[in-house]
Number of protein chains: 2
Amino acid sequence: MRSLPLGKVYTLLEPGPVVLLSTAFAGQRNVMAMSWHCMLEFEPPLIGCVVSDGNYSHGLLLQSGECVINLPGAALAEQVVGCGNTCGAGLDKFARFGLTPRPARCVGAPLIAECFASIECRVVDTTLLGKYCFFVLEAVHAWISSAAEPPQTIHHRGHGNFMVAGAQLHLPSKMK
Amino acid sequence: MRSLPLGKVYTLLEPGPVVLLSTAFAGQRNVMAMSWHCMLEFEPPLIGCVVSDGNYSHGLLLQSGECVINLPGAALAEQVVGCGNTCGAGLDKFARFGLTPRPARCVGAPLIAECFASIECRVVDTTLLGKYCFFVLEAVHAWISSAAEPPQTIHHRGHGNFMVAGAQLHLPSKMK
């Protein structure tokens, strides 16, 4: 893995992939599948996301104020669904689904070694937590695989139906 | 086009496609390309999105309190980039890019006839407008093409690089 400039974090999240959110607090850790996320600012990268208060990760995220957004390739689809279909209370999802935690640089939550990119984040705004369980995160460090080509991401369409990232298309554009 | 149950709106937006946001106010109308959006609730569907105050659409959205989120297929990629690279002040993007406005059912903003789905929305929360230009919208009606298969969506990776939606994958899942 190599460091990814923070100004490029949006290129990972803007296309809307399913991500694995890892959290840790007071000896507990968890992983959840998450699709409800949104860039809010390019740099420093701000990311909004919904982590329901019905999710075990909600408390870990709120209490630690930290998390890692990990990007799984399509080969991890079964593990993603496994994480999305189980509750972390009393279950170590890393062990259950064969995911390898690695120490992060800036936060206590672990990176997931099997993912091709990881974004270390801190919670910076909880204004809309009560209304929508909406956390605002700031990315403080990002990592990406040194492999030449990142794997295909997966994008959830509901009820276990995923779209796998397909062809690339480039059009001349002044957009960031 | 046929009505799409509001409870299915998330299946369109959760995968993260680029959308065309249409707005209208006091005889002005506009279209902008948007990728920074996020589901906040299933039903009634709540959608968070960033519309920068540097965008002409910002004022139209804020003043009318209404918009339509239109989903373009890959065949509209050039029009999407065109909308993203131009400013609506003094320019009718519908005319410029050959997009056809159609009356919506519940809001004053127009549907875009060339798009395969459209979600009529009202602004319901502007708490985070000052901080991040983040609007919370409620979907009040949704439309989808009657065609058997929707076209492939496009997903922006920055600087005119798009991922075109690829293969479908289904895994047994209890997730909504």
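This report concerns the structure included in the present document. (Residues numbered from 1 in each chain as written. Chains lettered and ligands numbered in written order. Predicted model: local features only at pLDDT ≥ 70, side-chain atom pairs only at ≥ 80, totals over all residues. Heavy atoms only, no water.)

1. Comments concerning the interface of chain A and chain B
Heads up, the condition is: Residue contacts follow a heavy-atom distance rule, with two residues in contact if any of their heavy atoms lie within 4.5 Å. Basic side-chain nitrogens of Lys or Arg form a salt bridge, by our definition, when they fall within 4 Å of a carboxyl oxygen of Asp or Glu. Only runs of H or I of at least four residues qualify as helices and only runs of E of at least two qualify as strands under DSSP, and these elements are numbered from the N terminus. Side-chain classes follow a simple rule in which Ala, Val, Leu, Ile, Met, Phe, Trp, Tyr, Cys and Pro form the nonpolar group, Asp, Glu, Lys and Arg form the charged group, and the remainder, Gly included, forms the polar group. Paired strands, in this sense, are two strands between which DSSP finds at least two bridges.
On the side of chain B, 50 residues touch chain A, which itself brings 50 residues to the contact. Taken together, the connections running from chain A to chain B amount to 2 salt bridges. The salt bridge partner of aspartate 125 of chain A is lysine 131 of chain B, with a shortest N-O separation of 2.8 Å. When contributions to the side of chain A that touches chain B are tallied by element, the ones reaching two or more residues are α1 (9-13), β4 (37-41), β5 (46-50), α3 (77-84), α5 (129-132), β10 (134-144), β11 (154-156) and β12 (161-170) of chain A. By residue number, the principal contributor to the side of chain A that touches chain B is β12 of chain A, which donates 10 residues. Residue composition of the side of chain A that touches chain B, grouped by class: 25 nonpolar, 17 polar and 8 charged. In the sheet, β12 of chain A pairs with strand β12 (residues 161-170) of chain B via 7 bridges, with the strands oriented antiparallel. In the sheet register, methionine 163 of chain A faces β12 of chain B, and the bridge partner there is glutamine 168 of chain B.

2. Structural notes on the nonpolar core
The line we're drawing: Here, nonpolar core refers to any group of buried Ala, Val, Leu, Ile, Met, Phe, Trp, Tyr and Cys residues whose side-chain atoms link them within 4.5 Å. Type-normalised accessible area, obtained with a 1.4 Å probe on protein chains alone, sets the label of each residue: buried when under 20%, exposed when over 50%, and partly exposed for intermediate values.
Ile119 and Phe134 of chain A together with Ile119 of chain B are the most contacted members of the largest nonpolar core, which has 74 residues in total. With residues near it in sequence (within four places) discarded, isoleucine 119 of chain B still touches Val9, Leu12, Leu13, Ile47, Cys67, Val68, Ile69, Leu71, Ala139, His141 and Ala142 of chain B.

3. A few points about helix α2 (residues 56-64) of chain A
Residues and elements named next belong to chain A. Within the span of α2, buried status applies to Ser57, His58, Leu60 and Leu61. In this structure, the buried residues of α2 make contact with β2 (19-25), β3 (28-34), β6 (66-71), β9 (117-125), α5 and β10. The first or second residue beyond α2 is glycine 65, which carries a positive phi of 70°.

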